[in-house]
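Single-letter residue listing:
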Amino acid sequence: MKQEIDELYQSVVDRRKNPIQGSYTDYLFDKGLDKILKKVGEESTEVIVAAKNPDKSELVYETADLLYHLMVLLVEQGVSFDQIKEELGKREGLMSKTQERREIKKL
Ligand SMILES: N=c1c2ncn([C@@H]3O[C@H](COP(=O)(O)OP(=O)(O)OP(=O)(O)O)[C@@H](O)[C@H]3O)c2ncn1[C@@H]1O[C@H](COP(=O)(O)O)[C@@H](O)[C@H]1O
């Protein structure tokens, strides 16, 4: 079973709006920005360590943890996931222009 990343973002938004007792997401929101930033830092480090391990299942696990904590950070900061997608979309345009320039230089 796969979870779409938009659905994960939406679940975190829902927890923010409708707190559920015992939810880890609510626990993070209660603790606040410093705790969330600490978790993002820890999970980033764990991704780096996992990437050095030949067993890629650890990298998969730690990347999922990092993405989740990034979603919590975005929601806490009032940044929508659509804003991230828009930013990536802008780059897609820029990157294809760079690619075009490279192609022209080659001619
Ligand atoms: N994707 C996740 C997810 N990934 C990781 N985690 C939690 O992140 C924590 C990471 O583990 P750590 O050992 O680093 O942290 P910890 O020791 O438990 O906690 P700290 O004391 O360090 O804060 C674990 O408690 C995991 O359960 C997540 N918790 C929730 N979600 C999703 O978030 C949504 C809301 O879930 P609830 O928070 O359960 O309501 C749902 O879609 C969930 O699937």
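Located above this text is the structure these notes cover.
For the structure given in this document, a descriptive report is provided here. Since we're looking at a predicted model, the values are computed, not measured.

This part covers the packing of helix H1 (residues 5–17) against helix H4 (residues 56–77). When two helices pack together, their arrangement is given by the angle between their axes and by how far apart the axes lie. Contact geometry for H1 and H4: axes closest at 9 Å, N-to-C directions at 50°. Considered as vectors, H1 and H4 are oriented oblique to each other. You can see that H1 and H4 cross each other, and the crossing is right-handed. Touching Ile5, Leu8, Tyr9, Val12, Val13 and Arg16 of H1 are Leu67, Tyr68, Met71, Val72 and Val75, all from H4. Tallied by class, the residues present in the contact of H1 with H4 amount to 10 nonpolar, no polar and one charged.

Tyr9, Val12, Leu28, Ile36, Tyr68, Leu70, Met71, Val72 and Val75 together form the largest nonpolar core, which totals nine residues. When contributions to this core are tallied by element, the ones reaching two or more residues are H1 and H4. With five residues, the single largest contributor to this core is H4. Aside from chain neighbours lying at most four places away, what touches Tyr9 is Met71 and Phe81.

The rules we used
Residues numbered from 1 in each chain as written. Predicted model: local features only at pLDDT ≥ 70, side-chain atom pairs only at ≥ 80, totals over all residues. Axes fitted to C-alpha atoms, helices over the stretch in contact; angles between N-to-C directions. Helix = DSSP H or I, 4+ residues; strand = E, 2+ residues; numbered from the N terminus. Parallel < 35°, antiparallel > 145°, perpendicular 65-115°, else oblique. Left-handed = near helix turned anticlockwise from the far one by under 90°. Contact = placed C-beta atoms within 7 Å. Nonpolar A, V, L, I, M, F, W, Y, C, P; charged D, E, K, R; others polar. Core = buried A, V, L, I, M, F, W, Y, C linked by C-beta atoms within 7 Å. Buried ≥ 20, exposed ≤ 12 C-beta atoms within 10 Å, placed from the backbone.

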